[in-house]
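Fold and geometry: a report
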Amino acid sequence: MRKNTVIHTGKSRIWTGSIIAALVAAAVLFAVMMQMEKNMLTQYEKGSILLAAGNIPKGQLITLENCATYFKEAELDKKCIPATALTSVEQLQDMVAAANIDEGTLLTKGMFETFDDITKDMKNPVIAGFKAEDLFQVVSGVLRTGDKIHIYYVTEEGKTVLNWRNVFIQQVFDNAGNSIANGDKQTAAQRINIYLNETDVEEFYSELATGSLRVVKVCN
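Residues numbered from 1 in each chain as written. Predicted model: local features only at pLDDT ≥ 70, side-chain atom pairs only at ≥ 80, totals over all residues. Heavy atoms only, no water.

Across its full length, the protein carries 4 helices and 9 strands. Restricting to contacts in the protein with at least 6 residues of sequence separation, those with at least 24 account for 64%. Carbon and sulfur atoms form 54% of the exposed surface of the protein, whose accessible area is close to 14300 Å². (Helix = DSSP H or I, 4+ residues; strand = E, 2+ residues; numbered from the N terminus. Contact = heavy atoms within 4.5 Å. Areas by Shrake-Rupley, 256 points an atom, 1.4 Å probe, with all protein chains shown as cover.)

Below is the structure:
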């Protein structure tokens with residue numbers, strides 16, 4: 001009887017030891033898996049970026065009022081975020097879209113330009129305005145903010161001479177003086193503001209008064 005008790009006790013100890021060993025192994029495996037998961041999460045660390053919430057037309061000026069219309073935040077694996085990516089709307093205040101930007105596009109600094117970029121070749125930039133009726137024709141009213149135009153002068157002999165190249169349109173308005181959105185393809189621009197060198201203003205308005213100026217839109 002004593003022998004059977006000893007055998008039974010030995011088996012119990014072996015069984016208990018096996019259970020403890022299994023629990024220890026499970027704990028070690030769990031710790032290893034947790035560490036692996038942590039390492040994987042570290043490898044795929046997320047970062048915030050800005051995406052185009054809708055189509056952003058070329059020349060669109062970014063303001064506090066329209067940020068919610070044009071931008072939305074998203075998260076992306078940091079390894080996939082370029083160094084030039086835009087991450088906050090503050091970076092875009094008073095910037096201008098340099099080209100048409102499609103909805104869902106990851107936004108980068110190169111897609112926008114600043115006022116300094118636009119006027120970098122001007123010594124004393126000013127904004128000059130004119131009405132469509134002041135010119136013989138103004139590209140059928142299709143001009144929009146951010147477009148560039150060439151302005152020509154027609155001499156008394158009928159010769160056409162290029163006076164100003166790549167003039168940046170600062171803003172356009174309808175007949176009532178309301179600003180026309182870049183996405184509006186129907187309303188004809190009746191009043192146009194442009195950037196000019198201060199030294200060119202006198203010549204511009206003098207030629208404008210004679211009706212000798214012509215405008216063409218730069219398409220590239």
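Picking up after the structure, the text goes on.
Using the criterion set out here, one finds 5 aromatic pairs in the structure. An angle of 40 degrees between the planes, with centres 6.0 Å apart, marks the rings of Phe168 and Tyr195 as tilted. Placement of the pair is Phe168 in strand 7 (residues 160-173) and Tyr195 in strand 8 (residues 191-197), with a sequence separation of 27 residues. In terms of burial, Phe168 and Tyr195 fall into one category: buried. Ring pairs connect the aromatic residues Phe130, Trp164, Phe204 and Tyr205, which therefore count as one cluster. (Phe/Tyr/Trp six-rings, centres within 6.5 Å; stacked < 30°, edge-to-face > 60°. Buried < 20%, exposed > 50% of the residue type's maximum accessible area, 1.4 Å probe, protein only.)

A word on the nonpolar core. Most often, soluble globular proteins have nonpolar side chains that are buried together. Counting residues in hydrophobic clusters, the biggest one holds 21 residues, and the most contacted among them are Phe130, Ile149, Ile151, Ile194 and Phe204. Secondary-structure elements contributing two or more residues to this core are strand 5 (125-131), strand 6 (148-154), strand 7, strand 8, helix 4 (201-210) and strand 9 (213-217). A total of 4 residues in this core trace back to one element, the largest contributor, which is strand 7. Once you skip the residues sitting within four places of it in the chain, Phe204 turns out to touch Phe130, Ile151, Trp164, Ile194, Leu196 and Leu213. (Core = buried A, V, L, I, M, F, W, Y, C linked by side-chain atoms within 4.5 Å.)

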